[in-house]
Amino acid sequence: MDKVRLQREAAFIRSSLLDQGYLDEQFIQLEELQDNDNPNFVEEVVTLFYTDSARLIYNIDQALLSNPTDFTKLDDYMHQFKGSCSSIGAKKVKNECNGFGEYCEVQNYDGCFRTFQQIKQEYITLKKKLETYFQLLKEAAQIK
Amino acid sequence: MAAAADVFIQRLPEVSARELHVLAVDDSHVDRKVIERLLKISSCKVTVVDSGTRALQYLGLDGGEKNSSIDFDSMKVNLIMTDYSMPGMTGFELLKKIKESSIFREIPVVVMSSENILTRIDSCLEEGAEEFLLKPVKLSDVKRVTDFIMRGEGMKGGKRSQKRRRSVDCIPSLTTELSPLSPSTLASKKSKL
């Protein structure tokens, strides 16, 4: 596949992510911090986001398995996860987190559990799309 | 106003002619990477730590007051930017500890938070924070803050200085020279709501 086509495909993924509300203005802000001296800045930040998220998602899953449920801990982990989402512009995932917070506040376990399954789904969807996006950019960059 | 600016500059830790040294404190990996980049783009030297405890260690405050004879140059920090919500020591607690220190209290502290809580903003400002930034922090926010510090002007007015300088050894010339906070600047801080 040629360079231009790869770049076009990547650009298409990027526009859809923005148009469909998976990503917001903050992602664009991160792109603006990238330059020739720091050409992989956005990807590096997103990679940190995956690592942080994996840890927090695991922690939340574990906390949801614990009996009795520690809603303070749940809320704390979710707050951290939401912060990370916000920092990279992961708008859709972040918005799903609001629902979780509300259930936490009223200590509604079922609500928390259900909402979290949705959050994980949205997160996985976003991660897959972003991985494809950066992979395409990488492949395009490797072609002279 | 020129006289006030001169007095203020003399009291601040010496700003290198070339660049500010900023100590950034945040428990989030993602946010540490972003703030570091924002500060580097704003031509600052950056030290990033992941907790309030480490920030105090870096400043040399962990074991009580630092000896003033210790080489201060290598660690000269001109600005501290800290996240509010951190496990262990919060940004607010870190802010208090810095303002309680006779050596470091003059270092401007900026607090960052993802939560837009008015009482939180007010208490940080009253405790002596220069500015309260909402996350995600933008490049324009960082540039504005660093520009102010570089010019040695301090931030938007005197309400904070009047409220926070309650201790007897406060510098009288500073509190009288800085103008009272105007309604418009107070509104601009709150306008982030």
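Here, residues in each chain are numbered from 1, in the same order as that chain's written sequence. Chain labels run from A onward and ligand labels from 1 onward, assigned in the order the entries are written. Under the rules for a predicted model, residues below a pLDDT of 70 receive no local features and side-chain atom pairs below 80 are neither given nor counted, while totals for whole chains, interfaces and linings still include all residues. As a convention, hydrogens and water are excluded, and side-chain values are obtained from all of the structure's heavy atoms.

For chain B, an unreviewed UniProt entry supplies the name Response regulatory domain-containing protein and the organism Arachis hypogaea.

Note the following rule: UniProt positions are given in the numbering used here, feature names are shortened, and annotations may be inferred rather than shown by experiment.
In the nomenclature of an unreviewed UniProt entry, chain A corresponds to Histidine-containing phosphotransfer protein from the organism Arachis hypogaea. Word for word, the UniProt comment on chain A under Function (unreviewed entry) is "Functions as a two-component phosphorelay mediators between cytokinin sensor histidine kinases and response regulators (B-type ARRs). Plays an important role in propagating cytokinin signal transduction."

### Focus: the pattern of salt bridges
Test applied: Salt-bridge detection follows one rule: a side-chain nitrogen of Lys or Arg within 4 Å of a carboxyl oxygen of Asp or Glu. Comment: elements are numbered from the N terminus, with helices defined as DSSP H or I runs of at least four residues and strands as E runs of at least two. Partly exposed describes any residue whose relative accessible area lies between the buried limit of under 20% and the exposed limit of over 50%, with all areas from a 1.4 Å probe on protein chains only and scaled to the type maximum.
Counted according to the given criterion, the structure contains 15 salt bridges over all chains. When the shortest N-O distance is used, the salt bridge between Arg14(A) and Glu31(A) registers 2.7 Å. Note that Arg14(A) is positioned in helix 1 (residues 3-19) and Glu31(A) in helix 2 (residues 25-32), a separation of 17 residues in sequence. Owing to a relative accessible area of 24%, Arg14(A) belongs among the partly exposed residues under this scheme. In this structure, the salt-bridge partner of Lys40(B) is Glu36(B), at a minimum N-O distance of 3.5 Å. With a gap of 4 residues between them, Lys40(B) and Glu36(B) both fall in helix 2 (residues 29-41), about one helical turn apart. Judged by its relative accessible area of 45%, Lys40(B) falls in the partly exposed class.

### Examining the UniProt feature "domain: HPt" (unreviewed entry) in chain A
Under the present numbering, the feature "domain: HPt" (unreviewed entry) in UniProt falls on residues 38-141 of chain A. Helix makes up 88% of residues 38-141 of chain A and strand 0%, and the two end C-alpha atoms of the span are 14 Å apart.

### A word on the interface of chain B and chain A
Note the threshold: Whether two residues are in contact is decided by their heavy atoms: any pair within 4.5 Å suffices. By buried area we mean the combined loss of accessible area, with a 1.4 Å probe, across both parts when two parts are placed together. By the criterion applied in these results, polar contacts are pairs of N or O atoms within 3.5 Å in which, for protein atoms, one can donate a hydrogen and the other can accept it, and in which residues neighboring in sequence qualify only through two side-chain atoms.
Taken together, the contact pairs 17 residues of chain B with 18 residues of chain A. Taking both partners together, chain B and chain A bury about 1,500 Å²; carbon and sulfur atoms supply 61% of that area. On the chain B side of the interface with chain A, the three residues burying the most area are Val30(B), Lys33(B) and Arg37(B), jointly 41% of the side's total. The closest approach of N and O atoms between Arg37(B) and Asp35(A), which form a salt bridge, is 3.0 Å. Where chain B touches chain A, the interface holds 5 residue pairs in polar contact (both at pLDDT 80 or more).

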